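Chain and residue survey
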Amino acid sequence: MTTFEGSQDGKGLRVGIVCSRFNEFIVSALLDGAKRGLANHGVAESDIDIAWVPGAYEIPVTAKAMAVSGRYDTLVTLGAVIRGETAHFEYVAGPVADSIAQIQLETGLPIGFAVLTVENIQQAVERSGPGAGNKGEEAAIGAIEMANVLKAIRGK
Ligand code: INI
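Presented here is a report on the structure given in the accompanying data block. Treat the numbers as computed from the prediction; the structure is a model and nothing was measured. (Residues numbered from 1 in each chain as written. Predicted model: local features only at pLDDT ≥ 70, side-chain atom pairs only at ≥ 80, totals over all residues. Heavy atoms only, no water.)

**Remarks on the overall build of the protein chain**
When helices and strands are tallied, the protein chain shows 5 helices and 4 strands. For the protein chain, the C-alpha radius of gyration of 15 Å lies close to 15 Å, the compact-globule estimate for 156 residues. Structurally, the protein chain occupies a C-alpha span of about 50 × 35 × 30 Å along its principal axes. With 156 residues in all, the protein chain has 46% of them scored as buried. In the protein chain, of all internal contacts separated by at least 6 residues, the share reaching a separation of at least 24 is 80%. As displayed, the protein chain offers around 7,900 Å² of accessible surface, 53% of which is attributable to carbon and sulfur atoms. Of the charged side chains in the protein chain, 13 are positive and 18 negative; the average position of the first set lies 6 Å away from that of the second. (Helix = DSSP H or I, 4+ residues; strand = E, 2+ residues; numbered from the N terminus. Rg over C-alpha atoms; globule rule 2.2 N^0.38 Å. Buried < 20%, exposed > 50% of the residue type's maximum accessible area, 1.4 Å probe, protein only. Contact = heavy atoms within 4.5 Å. Areas by Shrake-Rupley, 256 points an atom, 1.4 Å probe, with all protein chains shown as cover. Lys, Arg positive; Asp, Glu negative; His and termini not counted. Charge placed at Lys NZ, Arg CZ, Asp CG, Glu CD.)

This is the structure we're talking about:
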């Protein structure tokens, strides 16, 4: 029996991060969490690239460009879609999540997902704080683990 598990050691991994500027104060806090998670798990700052885009709706095409570039072992996507702020919440949140899942399947590259979809600012603040529960940090650590488990399965 073979069991595949990905370690959370990010040493040597190249990581691309896509951040959306809409609700920037929330996304900046998610980015702080992601950087913290990557640094704590051994990813070198010089191995991290960050792309900023206008809103969550622009994340998938950017993630796809990074994915097909071949430069990264894993990606992390960060955004904040807040229901109270838009009548087209469903038109933004759902397609973004579906598209990112699709890009993973098309390219085989793991993509950590911390595009918050919340009811109000308070919920977004609770998920992007400096302590435990920062979804950017969680997605970054998950992305490291996924890069490693997929490498193990692929025999690399
Ligand atoms: N983009 C977000 O990232 N979050 C939102 O809450 C949001 N709202 O509320 O509309 C939002 N809209 C912009 C969208 O992502 C695109 O940038 C825009 O439609 C231009 O393509």
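**Brief notes about the sheet that holds strand β3 (residues 74–82)**
If you trace the 4 strands from one edge of the open sheet to the other, you get β2-β1-β3-β4, paired in parallel fashion. Bordering the open sheet on either side are β2 (48–53) and β4 (111–118), each of which pairs with just one other strand. Recorded for the sheet is a direction-independent mean angle of 15° between the axes of neighbouring strands. Here strand β1 (residues 15–20) runs beside β2; their pairing, made up of 6 bridges, is parallel. Across the sheet, the residue bridging to V18 is A51, located in β2. Against the sheet, helix α1 (residues 24–40) makes contact with β1, β2, β3 and β4, and its axis sits at roughly 155° relative to β3, the strand it touches most. (Pairing = 2+ DSSP bridges. Axes fitted to C-alpha atoms, helices over the stretch in contact; angles between N-to-C directions.)

**What to know about unusual backbone geometry**
Phi at N23 is positive, roughly 60°, even though this residue is not glycine. Note that N23 resides in the loop between β1 and α1. Residue classification places N23 among the buried positions, given a relative accessible area of 12%.

**Quick word on a nonpolar patch on the surface**
On the surface, F25, I121 and V125 cluster together into a nonpolar patch covering about 260 Å² of accessible area. Take V125: its relative accessible area is 39%, and that puts it in the partly exposed class. (Patch = residues over 30% accessible without salt bridge, like charges linked within 9 Å, V, L, I, M, F, W, Y side chains within 5 Å. Salt bridge = Lys/Arg side-chain N within 4 Å of Asp/Glu carboxyl O.)

**Re the pattern of salt bridges**
This model, assessed by the stated rule, comprises 8 salt bridges. Residue R14 pairs with D73 through a salt bridge whose shortest N-O separation is 3.3 Å. A residue pair is termed long-range when its members are at least 10 positions apart, and R14 in the segment before β1 and D73 in the loop between α2 (59–69) and β3 qualify at 59 residues. R14 gets classed as partly exposed once you look at its relative accessible area, which sits at 34%. The exposure class assigned to D73 is buried, which follows from its relative accessible area of 13%.

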